[in-house]
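# Chains, contacts and geometry: an overview
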Amino acid sequence: MKETATSCTVVAALIATIMFSALFTLPGGFDQYTGLPLFLHRSSFIAYIVSDAVSLFSSTSSMLMFLGMLTSRYREEDFLRSLPMKLIIGLSTLFFSMATMMMTFGVALMIFLKERFDWVSFPIMLLASVPVTLFALLQFPLLVDIFLSTYGPGIFDKPNKRGRFL
């Protein structure tokens, strides 16, 4: 659990760093006279800002959950509810931050390439979904196992041969 929390903290910190810097280096740049972003009135620019902010907030939440796991006292009671709940929330928000980070990437490319290469947006969006899908496929079994072991039936709640609980 500590190793998972450590590696996921590093990933969440990297995503938060990237999303923070992407928030201030906007596509298209700024107007030199007003200081406002050049693409401010485009709907795709609003999608870029919203997905960037959501990715930043969810990766920060994920980082805080994993840091909470690392600084836990590791008592017996913590392993029953607290640590699995933090791991479930941390993995879910990390997945959400990765998905919105890739969405930010796709929207930024769409802003850059819309005028010149309109057909490029769809294949790039498909390729951007590959890392998110891989992360989901690799981490989903762990998430299901933790959820079932924490909130599922315990070892004493198994039905007997007649279908009744012991």
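Keep in mind that what you see is a predicted model, and the values were worked out from it rather than measured.

Moving on: the environment of A108. Its place among the elements puts A108 in helix α3 (residues 76–113). Between the C-alpha atoms of A108 and M125, which are 17 residues apart in sequence, the distance is 11 Å.

The subject of this paragraph is the environment of D118. Assignment of secondary structure puts D118 in the loop between α3 and α4 (121–151). D118 sits in the exposed class, given a relative accessible area of 54%. Measuring from C-alpha to C-alpha, the distance between D118 and T71 comes to 48 Å, with 47 residues separating the pair along the chain.

Okay, a nonpolar patch on the surface next. A surface patch of nonpolar side chains, amounting to about 470 Å² of accessible area, comprises M85, I89, F147, L148 and Y151. Looking at the nonpolar patch, the elements with two or more residues in it are α3 and α4. It is α4 that contributes the most residues to the nonpolar patch, three residues altogether. Positionally, I89 belongs in helix α3.

To continue, consider the side chain of D78. Mapped onto the elements, D78 comes out in helix α3. Judged by its relative accessible area of 7%, D78 falls in the buried class. Discounting residues that sit within four places of it in the chain, D78 has contacts with S72, R73, L83 and P84.

Attention now goes to the confidence of the model for the protein chain. In the predicted model, the protein chain carries a mean pLDDT of 86, and 92% of its residues have values of at least 70. Of all helices and strands in the protein chain, the one with the weakest mean pLDDT is α4 (86), whereas helix α2 (residues 43–70) scores best (93).

Let's shift gears to the UniProt feature "transmembrane region" (unreviewed entry) in the protein chain. As annotated by UniProt and renumbered to match this structure, "transmembrane region" (unreviewed entry) occupies residues 7–25, 45–67, 87–113 and 119–138. Its end C-alpha atoms 33 Å apart, residues 45–67 is made of 100% helix and 0% strand. Between the C-alpha atoms that bound residues 119–138 there is a distance of 31 Å. The span itself is 90% helix and 0% strand.

Cut-offs and rules
Residues numbered from 1 in each chain as written. Predicted model: local features only at pLDDT ≥ 70, side-chain atom pairs only at ≥ 80, totals over all residues. Heavy atoms only, no water. Helix = DSSP H or I, 4+ residues; strand = E, 2+ residues; numbered from the N terminus. Buried < 20%, exposed > 50% of the residue type's maximum accessible area, 1.4 Å probe, protein only. Patch = residues over 30% accessible without salt bridge, like charges linked within 9 Å, V, L, I, M, F, W, Y side chains within 5 Å. Areas by Shrake-Rupley, 256 points an atom, 1.4 Å probe, with all protein chains shown as cover. Salt bridge = Lys/Arg side-chain N within 4 Å of Asp/Glu carboxyl O. Contact = heavy atoms within 4.5 Å. pLDDT = per-residue confidence, 0-100. UniProt positions renumbered as here; feature names shortened; annotations may be inferred.

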